[in-house]
Amino acid sequence: MEKKAALYICTGCGIGDALDIDSLKELATDDLGVPICKDHPFLCGAEGVDLIKKDIQDEGVNTIIIAGCSGRVNYDVFNFGPDKIVERINLREQVAWCQPPKEEDTQMLAEDYLRMGCSKANDTEPLEPYIAEEEYSKDILIVGGGVAGMTAALEIAKAGRKAILVEKEDKLGGFLGKMKKLITMPYKDLSDTGAEDLIKEVNENDNIKVYTSATVAKISGSPGLFTAEISADGNSVQERVGSVIQATGWTPYDASKLNLGYGKIKDVITNVEMEEMAAKGKITRPSDGKEVKNVLFVQCAGSRDPEHLPYCSSYCCLASLKQAAYVKEQNPEAVNYIVYKDMRTVGQAEDFYRKAQEDGDVFIRGSIVNINENGGKLSVETDDELLGERVNIEEIDLVVLAVGMVPTSQPDQIPRIQAPEGTEGADEEGMIEVMPDSGFFAKSALNLEYRQGPELPTLKYGFPDSHFICFPYETRRTGIYTAGCVRRPMEVVKAKEDAAGAAMKAIQCCEASSQGVALHPRAGDISYPEFNMQRCTQCKRCTEECPFGAINEDEKGNPLPNPTRCRRCGVCMGACPERIISFKNYSVGMIGNMIKAIEVPEEDEEKPRVIAFVCENDAYPAIDMAAIKRMQWSPYVRFIPVRCLGSINLVWVADAMSKGIDGLLFLGCRHGDDYQCHFIKGSELAETRLGKVSETLDRLALEAERVKFLEIGITDYNRIPTIINEFMETIDELGPNPYKGW
Amino acid sequence: MKYFLYWGCSLEASGVNYLRSLKPVCEALGMEFEEIPDWNCCGASVSYAGANDLAIKVLNARNLALAEKKANYDIIAPCSSCYIQMIKVNHEIQENESLRERVNSILAEDGLAYNGSIRVRHIQDVLFNDIGTEQIKRHVTKPLNGLKVAGYVGCQSVRPYGEYDSVHNPVVQDKLLEALDAKPVPFPKKIQCCGSGIFLPEMDLCLGLVRDILDDAVSHGAEIISTVCPMCAMNLEMYQDRINEKYGTDFDIPIVYLTQLMAVAFGMDLKRDAALHHNVIPPENILKAAIGN
Amino acid sequence: METNTSYDPSFAREVFENVDSGEEIKMCMQCGMCAASCPLREHMDYPPRQIFSMIRAGKRDMVLNANSIMMCTSCYTCQVRCPRGIPVIDVMHGLAHYAISKGILTRKDTAVFGREFWQQIYKTGRIDEKDLSRRYFFADGIITGIKKSLQMARMGIIMLLHGRMKILPEKKIKGIKSLRSMLDKAMQTGKGGSEV
Ligand code: SF4
Ligand code: SF4
Ligand code: SF4
């Protein structure tokens, strides 16, 4: 395509008052060679947009450079179709609003941004979506036929799609099918589980194909193009699907690991056993089959205990209150004792707690010391925290241990590695538990044919990794979503909501994949990474570092990209030492040219230059936000947005330093346990990579302090001026980069 | 506007300056009062030692029934203790039908019955909501000229129902004081209890409560403390020398009723209407200075 | 944690059935807001929250002998703050009444004062503050009475001088007879034990 560029400078929103627009236009036409250059006082208004449209029509403009507001706003207004290149230069937030107007440094900042933007526009190629040759499937595979799986299947069917439901047992229902009653939310009365109706509805729905006594033997391919091999009743069936929902649920924590008499005293049972017994009819003592009168519930049996399950499962308090109601229903004279750490009636269940109090259930806050059996009855010794005494509760017929939820994905064994000497928490042999941060360890459910392992990578406690607050249902495998208790502990009402959410995601995935556009978080992005294979050295960095397991490998170690698994983060681009991975609108060379476009003043001008590479997802909006609040900072910093800090390539450091740039800032998301990186590993990888930057700097005989990595959350906007100004002080102390003017 | 005035036992004795000042002030504002015929004591907050809950309810229901029989006026109870006792029983009887039947079966001993049609009001409520600060301002002829007053609300005049003011941070009394051109000082302890009905038997413990209240008022610059309850007034005023003795303080701050301040600001007679001579810690000089006499 | 007691639900049942507002404590969730709100909390052996916990555990003697149930100033602070809307005051008064009617006078002065208060209402229908204090001071016999009232004498004289004491004793209300029969009936049929 023959490119024809035009630059439009908006003078509204204070930009015109802060800058000398005419000299900017001069720069563009005379020095940068942009053929068309116009300004407008209100570019995002109908008149301004028409001005651009007219040039597209009359002048054949196809590369539109807009110097005005931040690219984070008005992207819909300045969208001229997929075949037009649009480059945005942020003169409003990052120049006019954060710098004093009409100053030389402010003008120089704007000029640099103009140079950088025009350079990028010049290098950008028009985008074409990736469309595979094979046919796309829009059916959705659901693994697990409990309440979450069944609800997801129905939601998908209701949306007019086809669902394929795989259940390992011979009957649908999961735990729901084994329960007696449910708590209605907000609480009124206990209600029926509705399991039978739900199972019937699923079985009768033409859009749902059910496999029982079945497992998934293999899933290959990528979103929109998956092939699942299902072994059902000994037969192997193939299904083509567009996306997958894992709703494999939970298992109760193993009560025999607790020192609470389970397995030794017959009348000590788990809440799951209690529920199943109640569902079958009478609640009786396992030891002698007699009806129970006094029941004691032990809350947090193993939960919120670092030795067992360190987290709260959020359902067990409610389950015990419910089971106490069963006991009262069976015998109004019965006394229920509930020994708790904290009563947590999540959701809209406080009224249910009140009802239990009204019923006269006895709540004891404290911990169990001992459970003893004598003369057929149990007695429970408890440290009663509120009484401040050790009490003995006698004449107990049945003790129910409220155990928590373990996700079915939890690895059987947590991987252990040799730790560096002196590491805290290492055992005698110096081994330490590590996060099973890949798909190799989780229990079998999906059997993915992925380079990075057959299952969803799990995090702490064995739940599949996803940012459960910001990005519910997402996992580290594109197009594979989790719902229900495998994702996090929850009760039935929430599992249903969860299922609906995951179903919507799965449907979106089928659509987006077939259209060749990216999914969350760069939803709608048409660009995708392309590999220039001639120069590949089979180093496997891309296949290992891709946070989403998008790249498979052939036997020789050549990367086999799967574009519909790709989230377009650019981590592979940053990883590749040969720089052979690039996007049509984002590449190592492109950013390199932007760096080169910056004008570095001579040393004696005493105008240092710093480049800040900022993550587009959190740090960049934080800077915009600081500017919206009219905070100010040094005019010597140039911001370059990157898709993810994980996409930075170390060659940029060399590019910048050898040009005389005085310092580099890398602003990315928080990483670690509570990471905020939209691409999970990006900022962590960036920091690791930058750890090796000292080699580059050494080679150039420069100080390591010139390069700094910082974690920035979107809420840290008020720290932006301090961060920048402190870094400028460091640069001042170090003095100018000696490579200036080379 | 007509109201029943249920002044109760205290206002005939220790709270006489309250009743004396309340009447002329309210009359000047156009209010007319009726007495509930043959009323009895409300039981206050200490009767539980001798009586059960039902007996105390009956005590108050009798007054309500007598009032209802005579006319459909709101009852004003200026004493906070009377107010809380009466409004509580009133609410309970209005909301709980079986209780109403039970109480009425007892009131029937004297041919009485209470249907729950009466509203029980505190004097602050009526002054603020029925009369309003604008109307009050119109009657002010001797503004208090920024006199620094700590408006002591106490407990029972707003709690627990909070019918006309916040139970956690009441503001009505301060607004009424502002209408008199006084300057209410910030006073976080304005709702801390003074010991109320058990002050006398638990004096040793309660002196500390009053000390805290006085200290809070004085340290926020108050020259005078206003109250709306005879018990509060008594507990805050009568024991200052004991507190000084016990804690080595030197409190000597006049305690006046809100209605006394109103009488002064309305330009009424300091003795006949404001009844200032009944106060043990004399407020005359401070008030005279404020109004420029 | 040393003492070894057993949980005994029978006292809780006694409280639910016989103490005015006693059943309300079922809803207590032991948050402790009431304890933190009480003006005389520093002087209480067990704050309200703990009293309710002890009722559930069946600690009858400790509850009925607790000084706190007779230290309620009726300020309603706990009640307006209790997240469960429990009428904490009514429960405290109910418990105090129940304990006193069982002859337990942990805070004797308060109990006597309250009882004299009630007696006077019963006799005349109204309260005569002067008479009440006289009765209260002399309830323990002449000698203590004189001592106590001498301490208060200065105050009495001051009140008298400022016209804040009634000279004439309170007359009986007109309907005193029927009032008494009403109160008798209430005391007999109401909860909380009966004793006039
Ligand atoms: S819900 Fe379960 S884990 Fe959470 S606090 Fe209650 S008993 Fe413990
Ligand atoms: S862009 Fe990101 S998601 Fe796509 S292949 Fe590269 S590393 Fe993987
Ligand atoms: S404030 Fe209410 S719920 Fe909390 S401890 Fe006191 S009575 Fe119980």
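1. Some thoughts on the arrangement of the chains
Here the protein chains form two pairs of chains in contact, of which the pair with the most contacts is chains B and C. A minimum C-alpha distance of 19 Å separates chain A and chain B, which share no contact.

2. A few points about the pairing of strand β13 (residues 243-246) of chain A
Residue and element names in this part refer to chain A. In β13, alternate side chains face the same way, and those of Ser243 and Ile245 on one face and Val244 and Gln246 on the other are all buried. Pairing geometry for strand β5 (residues 140-143) and β13, over four bridges, is parallel. Each residue of the ladder has a partner; that of Ile142, found in β13, is Ile245. The sheet contact formed by β13 and strand β25 (residues 480-482) spans three bridges and is parallel. Bridge pairing in β25 places Val244 opposite Ile480.

3. Quick word on the interface of chain C and chain A
Counting residues at the interface gives 20 residues for chain C and 22 residues for chain A. Contact between chain C and chain A buries roughly 2,000 Å² in total, counting both sides, with carbon and sulfur atoms accounting for 50%. Two residues, Lys59(C) and Glu389(A), come together in a salt bridge whose shortest N-O distance is 2.9 Å. Between the two partners, chain C and chain A, sit 11 residue pairs in polar contact (both at pLDDT 80 or more). For the side of chain C that touches chain A, the elements supplying multiple residues, two or more each, are β1 (4-6) and α3 (48-57) of chain C. Among the elements that make up the side of chain C that touches chain A, the one with the highest residue count is α3(C) (six residues). In terms of residue class, the side of chain C that touches chain A is made up of eight nonpolar, seven polar and five charged.

4. Side note on the pattern of salt bridges
Residue and element names in this part refer to chain A. Considering all chains together, one arrives at 74 salt bridges over all chains under this definition. Taking the shortest distance from any N to any O, the salt bridge between Lys607 and Glu104 comes out at 3.7 Å. Of this pair, Lys607 sits in the loop between α14 (588-597) and β30 (610-615) while Glu104 is found in helix α5 (residues 104-123), placing the two residues 503 residues apart along the sequence. Residue Arg304 pairs with Asp342 through a salt bridge whose shortest N-O separation is 2.7 Å. Taken together, the residues Arg304 in the loop between β16 (294-301) and α9 (316-330) and Asp342 in the loop between β17 (335-340) and α10 (350-358) connect sequence positions 38 residues apart. Its relative accessible area of 25% is what places Asp342 among the partly exposed residues. If you follow the salt bridges from partner to partner, you end up with Glu111, Asp112, Arg115, Glu599, Arg609 and Arg638 in one network.

5. So, the domain arrangement of chain A
Its domain assignment divides chain A into domain 1 (1-127), domain 2 (140-249 + 415-515), domain 3 (252-407), domain 4 (530-582) and domain 5 (586-742). Using C-alpha coordinates to define each centre, domain 1 of chain A is positioned 68 Å away from domain 3 of chain A.

6. Thoughts on the interface of chain B and chain C
Interfaces are often sized by the amount of accessible area the parts lose when they come together. On the chain C side, the residues contacting the 65 residues of chain B number 63 residues. At the surface where chain B touches chain C, the tally comes to three salt bridges. Note that Asp90(C) and Lys88(B) form a salt bridge whose closest N and O atoms lie 2.7 Å from each other. Between chain B and chain C we count 22 residue pairs in polar contact (both at pLDDT 80 or more) in total. Where the side of chain B that touches chain C is concerned, the elements lending two or more residues are α1 (16-28), α2 (53-70), α3 (80-95), α4 (97-107), α8 (203-219), α9 (230-237) and α10 (240-247) of chain B. Ranked by residue count, the leading element in the side of chain B that touches chain C is α2(B), at six residues.

7. Brief notes about helix α15 (residues 619-628) of chain A
Residues and elements named next belong to chain A. Within α15, eight of the 10 residues are buried, which leaves it mostly tucked inside the rest of the structure. Lining the buried residues of α15 we find β4 (85-90), α4 (92-96), β30, β31 (637-642), β32 (663-668) and α19 (720-734). Count one or two residues on from α15 and you reach Arg630, which has phi positive near 60°.

8. Quick notes on the site of ligand 1
Residue and element names in this part refer to chain A. By nearness alone, every residue bordering ligand 1 is listed as Gln299, Cys300, Ser303, Arg304, Cys312, Ser313, Ser314, Tyr315, Cys316, Cys317, Asp342 and Arg344. Sorting the residues of the shell around ligand 1 by element identifies β16 and α9 as the ones contributing at least two each. Classifying every residue of the shell around ligand 1 by side-chain character gives five nonpolar, four polar and three charged.

9. Observations regarding helix α2 (residues 21-31) of chain A
Residues and elements named next belong to chain A. For α2, every residue scored as buried is listed here: Ile21, Leu24, Lys25, Leu27 and Ala28. Down the axis of α2, the buried side of the element spans an arc of 155°, and every buried residue falls inside it. Opposite the buried face of α2, by more than 90 degrees, sit the exposed residues Asp22, Asp30 and Asp31. Buried residues along α2 sit in contact with β1 (5-10), α1 (15-18), β2 (36-40) and α5. The N-cap of α2, judged by a side-chain oxygen 3.2 Å from the amide nitrogen of Asp22 a few residues on, is Asp20.

10. Re the site of ligand 3
Residues and elements named next belong to chain C. Surveying the vicinity of ligand 3 reveals 13 residues, the closest of which are Cys28, Cys31, Gly32, Cys34 and Cys82. Contributing elements (two or more residues each) for the shell around ligand 3: α2 (33-37) and α3. Looking at side-chain class alone, the shell around ligand 3 contains 10 nonpolar, two polar and one charged residues.

11. Some thoughts on the environment of Val244(A)
Residue and element names in this part refer to chain A. Structurally, Val244 is set in strand β13. In this structure, the C-alpha to C-alpha distance between Val244 and Val610, residues 366 residues apart in sequence, is 45 Å. Setting aside residues no more than four positions away along its own chain, Val244 makes contact with Leu141, Val143, Ile219, Phe226, Leu446, Gly479, Ile480 and Tyr481.

12. Some thoughts on the domain arrangement of chain C
Domain annotation for chain C reports domain 1 (9-101) and domain 2 (108-187). Centre-to-centre separation of domain 1 of chain C and domain 2 of chain C, based on C-alpha positions: 28 Å.

13. Section: the packing of α2(B) against α4(B)
All names here are of chain B. As a packed pair, α2 and α4 sit with axes 10 Å apart at the nearest point and diverge in direction by 75°. If you check the angle between α2 and α4, you find them roughly perpendicular. Each of Leu54, Lys57, Val58, Ala61, Arg62 and Ala65 in α2 lies in contact with α4, whose residues at this interface are Leu99, Arg102, Val103, Ile106 and Leu107.

14. Here we look at the sheet that holds strand β2 (residues 32-34) of chain B
Residue and element names in this part refer to chain B. Read from one edge to the other, the open sheet built from four strands follows the order β2-β1-β3-β4, with strand pairing classed as parallel. Every interior strand has two partners, whereas the edge strands, β2 and β4 (120-121), have only one. When strand β1 (residues 2-5) meets β2, the two strands line up parallel, connected through three bridges. Each bridged residue has a counterpart across the sheet, and for Tyr3 the counterpart in β2 is Phe33.

15. A closer look at the environment of Tyr48(B)
Along the chain, Tyr48(B) turns up in the loop between β2 and α2. We classify Tyr48(B) as buried; its relative accessible area is 5%. Setting aside its immediate chain neighbours within four residues, Tyr48(B) contacts Ile56(B), Ile198(B), Met70(C), Cys72(C), His93(C), Ala96(C), His97(C) and Thr110(C).

16. Focus: the nonpolar core
One finds Leu296(A), Val399(A), Leu401(A), Ile136(B) and Ile55(C) to be the most contacted residues of the largest nonpolar core, which totals 209 residues. Ranked by the residues each element gives to this core, the list is headed by α2(B), at 10 residues. With sequence-adjacent residues up to four places away left out, Leu401(A) is seen in contact with Ala255(A), Leu260(A), Tyr262(A), Val268(A), Ile269(A), Thr270(A), Asn271(A), Val298(A) and Ala301(A). Membership of the second largest hydrophobic core comes to 106 residues, among which are Ala28(A), Val600(A), Val642(A) and Met657(A).

17. Focus on unusual backbone geometry
Of note, the bond from His520(A) into Pro521(A) is cis; its omega dihedral lies within 30 degrees of zero at 0°. Note that Pro521(A) resides in the loop between α11 (492-515) and β26 (530-531). Looking along the chain, the bond that leaves Arg159(B) and enters Pro160(B) is cis, with omega of 0°. Structurally, Pro160(B) is set in the loop between β5 (148-151) and α7 (172-179). Its identity as a non-glycine residue notwithstanding, Ser213(A) has a phi of 45°, on the positive side. Turning to its location among the elements, Ser213(A) is positioned in the loop between β9 (208-211) and β10 (214-220). Using a relative accessible area of 29% as the deciding quantity, one classes Ser213(A) as partly exposed. Backbone geometry places Glu395(A), a non-glycine residue, at a positive phi of 60°. You can see Glu395(A) is positioned in strand β20 (residues 389-396). Glu395(A) gets classed as partly exposed once you look at its relative accessible area, which sits at 48%.

Conventions adopted
Along each chain, numbering runs from 1 in the same order as the chain's sequence is written. Chain labels run from A onward and ligand labels from 1 onward, assigned in the order the entries are written. This being a predicted model, a pLDDT of at least 70 is required before a residue's local features are given, and a value of 80 or more before pairs of side-chain atoms are given or counted; all residues contribute to the totals for chains, interfaces and linings. Note that the side-chain values use all heavy atoms of the structure and ignore hydrogens as well as water. Contact criterion: two residues are considered in contact whenever any of their non-hydrogen atoms come within 4.5 Å of each other. The buried label applies to any residue whose accessible area, calculated with a 1.4 Å probe on protein chains only, is under 20% of its type's maximum; exposed applies above 50%, and partly exposed to all values in between. Working definition: helices are DSSP H or I runs of at least four residues, strands are E runs of at least two. Numbering for both runs from the N terminus. We call two strands paired when DSSP finds no fewer than two bridges between them. Note on definitions: buried area is the accessible-area loss of two parts on being combined, 1.4 Å probe, summed for both. Salt bridges are counted wherever a side-chain nitrogen of Lys or Arg sits within 4 Å of a carboxyl oxygen of Asp or Glu. In the analysis that follows, any N or O atom pair within 3.5 Å is treated as a polar contact, provided that within protein one partner can donate a hydrogen and the other can accept it, and provided that, for residues neighboring in sequence, both atoms belong to side chains. Asp, Glu, Lys and Arg are counted as charged, while Ala, Val, Leu, Ile, Met, Phe, Trp, Tyr, Cys and Pro are counted as nonpolar; the rest, among them Gly, fall into the polar class. Annotation comment: domain bounds sourced from an automatic or database domain assignment. Residues are labelled near a given molecule or strand when at least one of their non-hydrogen atoms is within 4 Å of it. To obtain the arc, one takes the directions from the helix axis to the C-beta atoms. Only the contacting stretch of a helix is used when fitting its axis, a line to C-alpha atoms as for every element, and angles between N-to-C directions run 0 to 180 degrees. Any angle that is under 35 degrees is reported as roughly parallel, and any over 145 degrees as roughly antiparallel; angles of 65 to 115 degrees are reported as roughly perpendicular and all others as oblique. Buried residues of nine kinds, namely Ala, Val, Leu, Ile, Met, Phe, Trp, Tyr and Cys, make up a nonpolar core once their side-chain atoms join them within 4.5 Å.

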